[in-house]
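Geometric and topological summary
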Amino acid sequence: MGFTMGLNFVLLLAMVATNILSLYHLSTTVQSPKPPPPAPIPDHLLRQLNAIRSTINHLARYNPSSDTTTSTAAKTNPTIPQDLILYSQIGPIASSCHNQPDLLHRYMNYSPFTTCPYDPDLQETLILNGCHPLPRRRCFSKTPSKPSLSLPLNPFPASLPDSSVIWNKYSCKSFACLLQNNPIGFDLNAQRASLLKYSSELDLPVNRFMQLAKSANSLIRLGIDIGGGTGTFAALMKKFYNVTMLTTTMNVNAPYNEAVALRGLVPLHVPLPQRLPVFDGTMDLVRCGRAVNRWIPVSVMEFMFYDVDRVLRGGGYLWLDRFFSKGVDLDNVYGPLIGKLGYKKVKWAVDNKTDPSGLKNGEVYLTALLQKPVSK
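Residues numbered from 1 in each chain as written. Predicted model: local features only at pLDDT ≥ 70, side-chain atom pairs only at ≥ 80, totals over all residues. Heavy atoms only, no water.

**So, the packing of aromatic side chains**
Under the criterion given, the structure shown has nine aromatic pairs. A ring pair is formed by tryptophan 167 and tyrosine 170, whose centres lie 6.4 Å apart and whose planes are at 75°; its orientation type is edge-to-face. Comparing tryptophan 167 with tyrosine 170 shows no difference in burial state: the two are buried. Relative to tyrosine 334, the ring of phenylalanine 323 has its centre 5.2 Å away and its plane inclined at 70°; by these criteria the two rings are edge-to-face. (Phe/Tyr/Trp six-rings, centres within 6.5 Å; stacked < 30°, edge-to-face > 60°. Buried < 20%, exposed > 50% of the residue type's maximum accessible area, 1.4 Å probe, protein only.)

And the structure:
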């Protein structure tokens, strides 16, 4: 009996001791200082992680999530080219590319380390739909089999060498054919004359522009010609004024980029919505030819104008050459849009567009020369 009571007393003491130790441990844990919070993740790393997550989510939509759905998914979803998956891990893919998955998969379905498929029509379609820059990288571009060994140094040559172009995808197979069937685009002498003449207030001859810039103590050395076709404006600026102009152009039904390069000029194969691939505040002049007009969505045009402002230096010029729109839209939409830039109006000339389309739609031309403020 006494032994049993002694044993119970020992067990009771052990239980009390255990509780006391537990309370002591709990009190020291509560009173101990909290560990320092983790360092915040930098914003640039968060953006990269979000971009990777978005890409993975997009790619996952095209891959079956389990073995049970493999056969069904194979029938409904195209197989993603392996190089597209690899490129998505190392470089940016424009969000608009995801809107054209079938075209994008066709474009990226090639064998790395071999000759690239020759598909300029597919490239143009993707680029014009906003998929730029194109993600194909690890293949060798096809080049003409017998390129000309004598390239012109004069940007106004008597002719351009046909052998320096791959003509497979074009209805014309020579520059002579293009001159006959598309004189507005490939008659270099007529283009030159139109940029030098003055027959109405809508005209701003190149020499007159250079005089205006000189009188304002504005040096013109570098510029971009947006939608510059075969590069005739850049050729004039190079030949007569030693000005370096980049020409943005697309190969829509004709080899415009090749024509620019064959004249010893620099073509930029970028669409109008694309951010201009030059650094901020470095250009003296940005000219918008007739490719910039009312057929461009207003939102795209607004982004383009502000990108022009980004690349222009203070005192640089924005030149709109025969921009056309409906007269009412110029007053209510495009005029106020241009006015938001806060540029000085060096020239602002408006006149009726008298061709059948212009008369039918009440369209007008605008030629404007605008100067960016030095301090803004």
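**Side note on helix H14 (residues 327-339)**
Because each turn of an α-helix spans 3.6 residues, side chains separated by three or four positions end up pointing in the same direction. Of all the bends found along H14, the most pronounced is centred on valine 333 and spans about 35°, while proline 336, a proline, follows it within four residues. Turning to H14, its buried residues are Gly327, Leu330, Tyr334, Gly335, Leu337 and Ile338. Contacts from the buried residues of H14 go to helix H13 (298-311), strand S5 (312-326), strand S6 (344-352) and strand S7 (363-371). (Bend = angle between axes of the 7 residues up to and from the residue. Helix = DSSP H or I, 4+ residues; strand = E, 2+ residues; numbered from the N terminus. Contact = heavy atoms within 4.5 Å.)

**Some thoughts on the sheet that holds S5**
Spatially, seven strands are ordered S3-S2-S1-S4-S5-S7-S6 in an open sheet, and the strand pairing comes out mixed. Every interior strand has two partners, whereas the edge strands, strand S3 (266-268) and S6, have only one. Between one strand axis and the next, the sheet turns through 15° on average, direction left out of account. Pairing geometry for strand S1 (residues 222-226) and strand S2 (residues 244-248), over four bridges, is parallel. From the neighbouring strand, isoleucine 224 faces S2, where its bridge partner is leucine 246. Sitting on the sheet, helix H11 (residues 232-241) is in contact with S1, S2, strand S4 (283-288) and S5, with an inclination near 175° to S2. (Pairing = 2+ DSSP bridges. Axes fitted to C-alpha atoms, helices over the stretch in contact; angles between N-to-C directions.)

**Quick look at helix H10 (residues 206-215)**
Buried residues of H10: Val206, Phe209, Met210, Leu212 and Ala213, and no others. End-on, the buried residues of H10 take up no more than an arc of 160°, which puts them together on one face. Among the exposed residues of H10, those oriented more than 90 degrees off its buried face are Lys214 and Ser215. As for H10, its buried residues are in contact with helix H9 (188-196), H11, S4, S5, S6 and S7. After H10 finishes, the residue asparagine 217 shows a positive phi value of roughly 55°. (Arc of directions from axis to C-beta.)

**Description of the state of the cysteines**
Per the counting criterion, the structure on display carries three disulfides. The disulfide that involves cysteine 97 links it to cysteine 131, with 2.0 Å between the sulfurs. Disulfide cysteine 97-cysteine 131: the torsion about the S-S bond is 95°, which places it as right-handed. Of this pair, cysteine 97 sits in the loop between helix H4 (82-90) and helix H5 (101-108) while cysteine 131 sits in the loop between helix H6 (120-128) and helix H7 (175-181); the two residues are 34 residues apart in sequence, bridging distant segments of the chain. Note on cysteine 97: relative accessible area 0%, which makes it buried. Taken in sequence order, the bonded cysteines of the protein chain link in the pattern 1-3, 2-4, 5-6. (Disulfide = S-S within 2.5 Å.)

**Section: the side chain of glutamine 371**
Structurally, glutamine 371 can be placed in strand S7. A polar atom in the side chain of glutamine 371 sits 3.4 Å from the side chain of tyrosine 317. Apart from residues no more than four positions distant in its own chain, glutamine 371 is found in contact with Ala216, Ser218, Gly315, Gly316, Tyr317, Tyr343, Lys344 and Val346. (Polar contact = N/O pair within 3.5 Å; in protein donor to acceptor, adjacent residues only side chain to side chain.)

**Description of the packing of H9 against H11**
Between H9 and H11, whose axes approach to 9 Å, the crossing angle comes to 70°. Classified by the interaxial angle, the pair formed by H9 and H11 is roughly perpendicular. Contact residues: Leu188, Gln191, Arg192, Leu195 and Leu196 in H9; Thr232, Phe233, Leu236 and Phe240 in H11. Looking at the contact of H9 with H11, its residues break down into six nonpolar, two polar and one charged. (Parallel < 35°, antiparallel > 145°, perpendicular 65-115°, else oblique. Nonpolar A, V, L, I, M, F, W, Y, C, P; charged D, E, K, R; others polar.)

**Details of the packing of H13 against H14**
At a minimum axis distance of 10 Å, the contact between H13 and H14 shows a crossing angle of 20°. Of the possible angle classes, the one that applies to H13 and H14 is roughly parallel. Between H13 and H14 lies a crossing whose hand is right-handed. Along the contact surface, H13 presents Val298, Met301, Glu302 and Phe305, while H14 presents Val333, Tyr334, Leu337 and Ile338. Per-class residue counts for the contact of H13 with H14 are seven nonpolar, no polar and one charged. (Left-handed = near helix turned anticlockwise from the far one by under 90°.)

**With respect to the pattern of salt bridges**
In total, this model carries 17 salt bridges according to the counting rule given. Among the salt bridges present, the one from arginine 310 reaches aspartate 280, with a minimum N-O distance of 2.7 Å. Taken together, the residues span a long stretch of sequence, with arginine 310 in helix H13 and aspartate 280 in the loop between S3 and S4 at a distance of 30 residues. By relative accessible area, arginine 310 is classed as buried at 15%. A residue is classified by how much of its surface remains accessible, and aspartate 280, at 38% relative accessible area, is partly exposed. Notably, a salt bridge pairs glutamate 302 with lysine 340, separated by 3.7 Å at the nearest N-O pair. Taken together, the positions of glutamate 302 in helix H13 and lysine 340 in the loop between H14 and S6 put the pair 38 residues apart, joining distant regions of the chain. Classification of glutamate 302 by relative accessible area gives partly exposed; the value is 27%. (Salt bridge = Lys/Arg side-chain N within 4 Å of Asp/Glu carboxyl O.)

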